[in-house]
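Chain and residue survey
Letter by letter, the chains look like this.
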Amino acid sequence: MSEAVSALNGKSSSGFATVSEAGLQGMITLRGDLKSAKLKKAVKAATGVDVPAQRRIAIKGDKGAGWMSPDELLILVPYADARATVEALTKALDGEHHLVADVSDARAMFRVKGAKADQVLMKLCPVDIATLADGELRRTRAAQVAAALWKSETDEFTLVSFRSVAGYVFGALELSARPGSEIC
Amino acid sequence: MSTRLARGGRLIDRTKPLNFTFNGRRMQGYRGDTLASALLGADQMLLGRSFKYHRPRGLVASGAEEPNALVGLGEGSRFEPNQRVTTTELFEGASAASQNHWPSLEFDVGAINNTFGRFLPGGFYYKTFMFPRFAWKHLFEPVIRRSAGLGKVPQDRDADRYEYAYGFADLVIVGGGIAGLAAALQAGKEGKRVLLIEQTAQWGGRAPVDGVEIDGKPADEWVKKTVEALGKMANVTLRLRTMASGLYDHGYLLAYERIADHTPGDGRPRHRLWRIRAGHVVTATGAIERPLSFAGNDIPGVMLAGAVRDYVVNWAVSPGDRTVVVTNNDDAYRTALALADAGLIVVAVIDARTSVKGALPDAVRAKGIRVLEGRGIAKVKGSKRVTGVSVCTQAGEGGEIEAITCDAVAMSGGWSPVVHLWSHCGGKLIWDDARAMFRPDAAKPPTGDQGEAMVTAVGSANGALTADEVLADVASQIGGKAAKTNTVAEAPLEPVWIMPQGAGPQLKMKMWLDYQNDVKVSDVQLAAREGYHSVEHTKRYTTLGMATDQGKLSNINGLAVLSDALSQAIPQTGTTTFRPPYTPISMGAIAGEARGDIFQPLRKTPMDEWHGANGAYFEPVGLWRRTYCYQRPGESVHDAVNREIVNARSKVGMLDASTLGKLIVKGSDAGRFLDMLYTGVMSTLPVGKCRYGLMCNENGFLSDDGVVVRLSEDTWLCHTTSGGADRIHGWMEDWLQCEWWDWKVYTANVTEEYAQIAVAGPNARKVLEKLGGMDVSAEGLPAMEWREGLLGGLRARIYRISFSGELSYEIAVPASEGLALWKALIAAGEEFGVMPYGTEAMHIMRAEKGFIMIGDETDGTVIPQDLNLNWAISKKKADYLGKRAQERSHMASPDRWKLVGLETLDGSVLPDGVYAVADGVNANGQRNVQGRVTSTYYSPTLKKGIAMGLVKHGPDRMGEVIDFPADGGKVIKARIVDQVFYDKEGAKQNV
């Protein structure tokens, strides 16, 4: 465990917004019937939040759940808890059709922070960032690759991509945040 | 002489002089100048040579419609050809160079074409270059290449950066003149999310130049007040220097923001391409003035009347001391007034209309300026500069009734609404006979996804010509109350397409329609005589409107001349198609951020950095970057590959196999699902075991292969090829979502979750045992089984599978620990002679074993039976994808080419993809063929060339020698052999 390193090992850069790779993050794909009581209970027990509604993400402390598709959730937990959470969810959903997969290492997570952080994403994602609600999860693309993003704090967005393209995503974010390219 | 006037110039700041050069000559302008106004102010009338005849050319217009004044701008890494000086803001240190001349702008050899102009009529190229054929390549092309073409290609890498931005608005208003501003103000007040864009650096459009007063005040004041009001609205965004380039389906608008063209090198991106989703688009794009077609209308000094007015009023630049205004409408009289107000001489206004009355002509007459009614220009005198005009009756044939000395001609043939955006996405036009213009047909707008109008055209873009009409149009279509203006009544124009109307051939071949492409009235008439009735065909035959200005000045005049030649009404002829972009946009803006390191996503495995630091020679595999081989200092790629193979076969090698596709399939119907997807049976695979499987598409063709692993009672892990992971995942979801939606199966693509390393070779077990923690003995982990545990302290799953033919383990760990495992294996393997190997060694080793490779042995036309893979096809199963197709007569034919091994008689390596010939020729006279090579390599293990190929009846012809013709007439003889070249009995891997 101690030898685990995230895709870019926490790389960060400062432009008119700060772009940083968020390091190791526990992420779990949960597929199943999102309306089932058993699943709702399992998600609540694992994360402390309710199953989110369509295109929503709920975060409480260092855990959360995001709606990815009509039968898929993204479960967020600390990296060290991922394996145990997979086991707990699997056990809780026993007897019900579902799939739980640890994808913590398949992904990379980024934070874009600053008063103009939205402008960085405006350049890469075909998303109306201005109307992105708090707690809204958008699956979209960042330039040429798949991404998901949400507003994680005031003036901060979190973006998730696949691990193999972490370098590409960081490069695109870093370029888009370079001073002088503010959208005024 | 054109010159800078001592006073005036609403856009320039005389306290801020700017230095620039033109063809190396130092010149000065002011902040607020365009390059055009600065050049004209410095008496540089001659700016370039025309495309075909190399005629001297100067400014005609003052905006985006300018056809002539294109220059090469900047130097070195900031050089860009074909920059329109009228839309280039002047900046300190600008360096511009004229184009399309040789040896110099003043003296051009190519101008000889002009003398022989009658030998270069419309369609000249098509007629001449059809025959004789050889002449094109050897004679015409080399000559034309040297003389034609506009700008030079930049030689250096672009120093600037570019980007995209995504925009959203309820209403996008294109054009920041009084129509656009009024529309924005109204929509802003209604609370709409408004984006107002303007292609120039100023708000207000033409109104301030035309002396418009709104609410009793000069237009400039109204513009300033309105922009201020809009700036205070949180729901309104204003963007200058942003040109709406194209409108596409569902309100998708492309806009081109020129952020730093006027401040090069200041660190900002040069251009930004906006990709905007607009709820609705308002085009307030104004109108463009039309030239008049009289002989010599391209001589420098002949300009559009509106442009002359712009240069005088906006930039205090006089195009000449003595100007003649020639017109068919009242608006051009404003130019006469502006010139007179600036203290310049207007020699005469030549009006084609026989009776001219009204407020504007009266005001001109009141200044003592002659107005010649019913007159036209027979021809312009001068060559590099206007020296005078010959006046004739418009009704006649061009006989001179008076010669006038002048140094500038301001012409106006009426105005054409800018209907480009309206038309890009299907909006239709109607011909307005009274105004002699095509304008948007409100009944046939471009429509959105609900069939609703997607665009509203307002103001001059909708055919309104006076300030009153413009503001009333905005009020009626957008809302609000129109402000009062000082508009005076104007008499109707009289359409004039040729001046004089009875001009003969000598004059018509000097009447320019398309300046940039050198198309004249005579060319269009010739095209009509030669049978070109469609305006689209005429356009291509004559090249009318095909230059970089896309015929902004020439199209209407051209199709009017064509209509006349065909004796039909203008609407019957119609217009050519309006296509994006409105004006050319930079290649950099189109590329956006995609250049250099982020030109394209590069997928990297967790061990990528290690590979790079250890001599990796990379190859692309899809978007993945994989190591082809690890080169040592001084070692060739070929030698490195051979070394890696010999080492893996004799000691132990390591391959980064992380890119292998990994798909989890889970659920109570998962076994049934996989039995449908694979040709073999996966449902019976015991937990803990692995099985090789083939996937076909519904046409029976082999699509992918890989090892399937049973993880638990209801969970399987399917390995796919590296390039097939996403495709096969999509294929699974397609069947599950669209066909078998009621089956209880979920899938997940976990390809990137795991780093996977193959450890292969006689010493493989020793390396793993040294790491310790798991039983990897022959009994503890038999072939085609897997175990989970802690290997050297890392969470690992080990598969005992072999693609090399050696004793082999594939170890999967979480990707975050991939590098740790890789390094641990390198360290543990040191004493056993471990070396990493790349994809080429992997390919060769599998070929030595006769294993197929998707993409080599398969090409979308090959079925598993062709590859003798019947052992992997279940005969018991009722169905699987591809089964029915494989039973069709042609698929089941014994004559299909089948997989065999091939060994050249001389030990050489067969060329890849080469065909084996058979006796006789086919219906096309080509040699018959009987097979082809699918994989071919030099085997360092066997020290000779080995190959696999598909050969007709191949497996029944073992030992037979067949011919492979290669390059240079050589024929390579190869013997058909078993495809397994190495360790047929599998002794090496079963230890």
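Model, not experiment: these values are computed from the prediction.

Scanning chain A from terminus to terminus reveals 4 helices and 11 strands. Computed over the C-alpha atoms, the radius of gyration of chain A is 16 Å, within 12% of the 16 Å expected from 2.2 N^0.38 for a compact globule of 184 residues. Taking the principal axes of the C-alpha coordinates as reference, chain A spans close to 55 × 40 × 30 Å. Residues counted as buried form 52% of the 184 residues belonging to chain A.

Turning our attention to the overall build of chain B. Along its length, chain B carries 25 helices and 51 strands. With respect to the principal axes defined by its C-alpha atoms, chain B has extents near 115 × 65 × 55 Å. Per-residue burial over chain B gives 53% buried out of 991 residues. For chain B, the proportion of contacts with a sequence separation of at least 24, taken over those separated by at least 6, is 65%.

Take the environment of A:Glu87 next. Residues and elements named next belong to chain A. Mapped onto the fold, Glu 87 is located in helix 2 (residues 82-92). Under the C-beta neighbour-count criterion, Glu 87 is labelled exposed, with 12 such atoms within 10 Å. Here the alpha-carbon distance between Glu 87 and Val 100, two residues 13 residues apart in the chain, equals 8.6 Å.

In a beta sheet, neighbouring strands pair by backbone hydrogen bonds and run either parallel or antiparallel. All names here are of chain A. The sheet built from 6 strands is open, its strands ordered 1-2-8-11-10-9 with antiparallel pairing. Strand pairing shows two members of the sheet lacking a second neighbour, strand 1 (12-14) and strand 9 (138-142), which therefore form its edges. If you compare each strand with its neighbour and ignore which way they point, the axes differ by 25 degrees on average. In terms of strand pairing, strand 9 meets strand 10 (residues 145-153) through 5 bridges, oriented antiparallel. Note on strand 10: the bridge partner recorded for Arg 139 is Ala 148. Strands strand 1, strand 2 (18-21), strand 8 (107-113), strand 9, strand 10 and strand 11 (156-162) of the sheet are contacted by helix 4 (residues 166-176), whose axis makes an angle of about 10 degrees with strand 8.

Bringing the environment of B:Ala755 into the picture now. All names here are of chain B. Along the polypeptide, Ala 755 turns up in strand 41 (residues 754-760). On the basis of neighbour counts, which here come to 27 C-beta atoms within 10 Å, the residue Ala 755 falls in the buried class. Along the chain, Ala 755 and Cys 406 lie 349 residues apart, while their C-alpha atoms are 81 Å from each other.

In this section: helix 4 of chain A. In terms of residue burial, helix 4 of chain A counts as a mostly covered element, since 10 of its 11 residues are buried. For helix 4 of chain A, the full list of buried residues reads A:Ala166, A:Gly167, A:Tyr168, A:Val169, A:Phe170, A:Gly171, A:Ala172, A:Leu173, A:Leu175 and A:Ser176.

This part takes up the nonpolar core. Buried together is how nonpolar side chains tend to be arranged in soluble globular proteins. B:Ala183, B:Val409, B:Ile757 and B:Val759 are the most contacted members of the largest nonpolar core, which has 343 residues in total. Aside from chain neighbours lying at most four places away, what touches B:Ile757 is B:Met654, B:Leu655, B:Asp656, B:Ala657, B:Ile811, B:Leu821, B:Trp822 and B:Leu825.

Take the domain arrangement of chain B next. Residue and element names in this part refer to chain B. On domain assignment, one finds that chain B holds domain 1 (162-288 + 416-477), domain 2 (291-413), domain 3 (495-568), domain 4 (661-750) and domain 5 (851-977). The C-alpha-based centres of domain 2 and domain 3 are spaced at 23 Å. Between domain 2 and domain 3, the contact holds 22 residues from the first and 18 residues from the second. Among the elements of the structure, strand 23 (375-382) and strand 24 (386-393) are those that each provide at least two residues to the side of domain 2 that touches domain 3. Considering only residue class, the side of domain 2 that touches domain 3 consists of 9 nonpolar, 10 polar and 3 charged.

Right, let's get into the environment of B:Arg932. Residues and elements named next belong to chain B. Along the chain, Arg 932 turns up in strand 48 (residues 927-939). The sequence separation of Arg 932 and Phe 673 amounts to 259 residues, and the corresponding C-alpha distance is 35 Å. Not counting chain neighbours up to four residues away, the residues in contact with Arg 932 comprise Gly 913, Val 914, Tyr 915, Ala 916, Gly 949 and Leu 950.

Residue and element names in this part refer to chain B. With respect to burial, strand 38 (residues 702-712) is a largely interior element, 8 of its 11 residues being buried. Across 7 bridges, strand 37 (residues 690-696) lies against strand 38 in antiparallel orientation. When the sheet's bridge partners are listed, Met 695 is paired in strand 38 with Asp 704. Here strand 37 folds back onto strand 38, and the loop between the two strands holds 5 residues, one of which, Gly 700, carries a positive phi near 95 degrees. When strand 38 meets strand 39 (residues 715-720), the two strands line up antiparallel, connected through 4 bridges. Bridge pairing links Arg 710 to Trp 716 in strand 39. Adjacent in sequence and paired antiparallel, strand 38 and strand 39 are bridged by 2 residues.

To continue, consider helix 5 (residues 178-189) of chain B. Residues and elements named next belong to chain B. Counted at 1.5 Å a residue, the expected span for helix 5 with its 12 residues is 16 Å, and the 16 Å between its end C-alpha atoms agrees. Counting buried positions along helix 5 gives 10 out of 12 residues, so the element sits mostly inside the fold. For helix 5, every residue scored as buried is listed here: Ile 178, Ala 179, Gly 180, Leu 181, Ala 182, Ala 183, Ala 184, Leu 185, Ala 187 and Gly 188. Residues of helix 5 that are buried sit in contact with strand 9 (162-174), strand 10 (194-197), helix 6 (219-231), strand 13 (236-239), strand 16 (271-283) and helix 11 (467-477). At the C-terminal side of helix 5, Gly 191 shows a positive phi close to 85 degrees.

Note: interface size is frequently given as the accessible area lost on complex formation between the parts. On the chain B side, the residues contacting the 37 residues of chain A number 34 residues. Top element by residues in the side of chain A that touches chain B is helix 4 of chain A. It accounts for 6 residues. Its residues assigned to classes, the side of chain A that touches chain B shows 19 nonpolar, 11 polar and 7 charged.

Turning our attention to the packing of helix 5 of chain B against helix 11 of chain B. Residue and element names in this part refer to chain B. Here helix 5 crosses helix 11 at 30 degrees, and the two axes come no closer than 9 Å. Comparing their axes, helix 11 and helix 5 come out roughly parallel. Considering the relative orientation of helix 5 and helix 11, their crossing is right-handed. Contact residues: Ile 178, Ala 179, Ala 182 and Ala 183 in helix 5; Ala 467, Val 470, Leu 471 and Val 474 in helix 11.

All names here are of chain B. In spatial order, the strands read 42-43-44-41-35-45; together these 6 strands make up an open sheet with mixed pairing. Only two strands of the sheet have a single neighbouring strand rather than two, namely strand 42 (786-791) and strand 45 (834-836). Along the sheet, successive strands turn relative to each other by an average axial angle of 25 degrees, direction set aside. Here strand 35 (residues 652-656) runs beside strand 45; their pairing, made up of 3 bridges, is parallel. Bridge pairing in strand 45 links Val 652 to Val 834. Packing against the sheet, helix 19 (residues 637-650) makes contact with strand 35, strand 41 and strand 45, and its axis sits at approximately 120 degrees to strand 35.

Turning our attention to the confidence of the model for chain B. Close inspection of predicted coordinates is inappropriate in any region flagged by low pLDDT. The predicted model of chain B averages 95 in pLDDT, with 95% of residues at 70 or higher. Across the interface, the model reports ipTM at 0.97; the global pTM reads 0.94.

The subject of this paragraph is the pairing of strand 22 (residues 370-373) of chain B. All names here are of chain B. As defined by bridge partners, strand 21 (residues 345-351) adjoins strand 22 across 4 bridges and the pair is classed as parallel. The residue of strand 22 that forms the bridge with Ile 350 is Leu 372. As a crossover connection, the stretch from strand 21 through helix 9 (residues 359-366) into strand 22 is right-handed.

Thresholds applied
- Residues numbered from 1 in each chain as written.
- Chains lettered and ligands numbered in written order.
- Predicted model: local features only at pLDDT ≥ 70, side-chain atom pairs only at ≥ 80, totals over all residues.
- Helix = DSSP H or I, 4+ residues; strand = E, 2+ residues; numbered from the N terminus.
- Rg over C-alpha atoms; globule rule 2.2 N^0.38 Å.
- Buried ≥ 20, exposed ≤ 12 C-beta atoms within 10 Å, placed from the backbone.
- Contact = placed C-beta atoms within 7 Å.
- Pairing = 2+ DSSP bridges.
- Axes fitted to C-alpha atoms, helices over the stretch in contact; angles between N-to-C directions.
- Core = buried A, V, L, I, M, F, W, Y, C linked by C-beta atoms within 7 Å.
- Domains from an automatic or database assignment.
- Nonpolar A, V, L, I, M, F, W, Y, C, P; charged D, E, K, R; others polar.
- Expected span 1.5 Å × (residues − 1).
- Parallel < 35°, antiparallel > 145°, perpendicular 65-115°, else oblique.
- Left-handed = near helix turned anticlockwise from the far one by under 90°.
- pLDDT = per-residue confidence, 0-100.
- Right-handed = clockwise from strand over helix to strand, strands pointing away.

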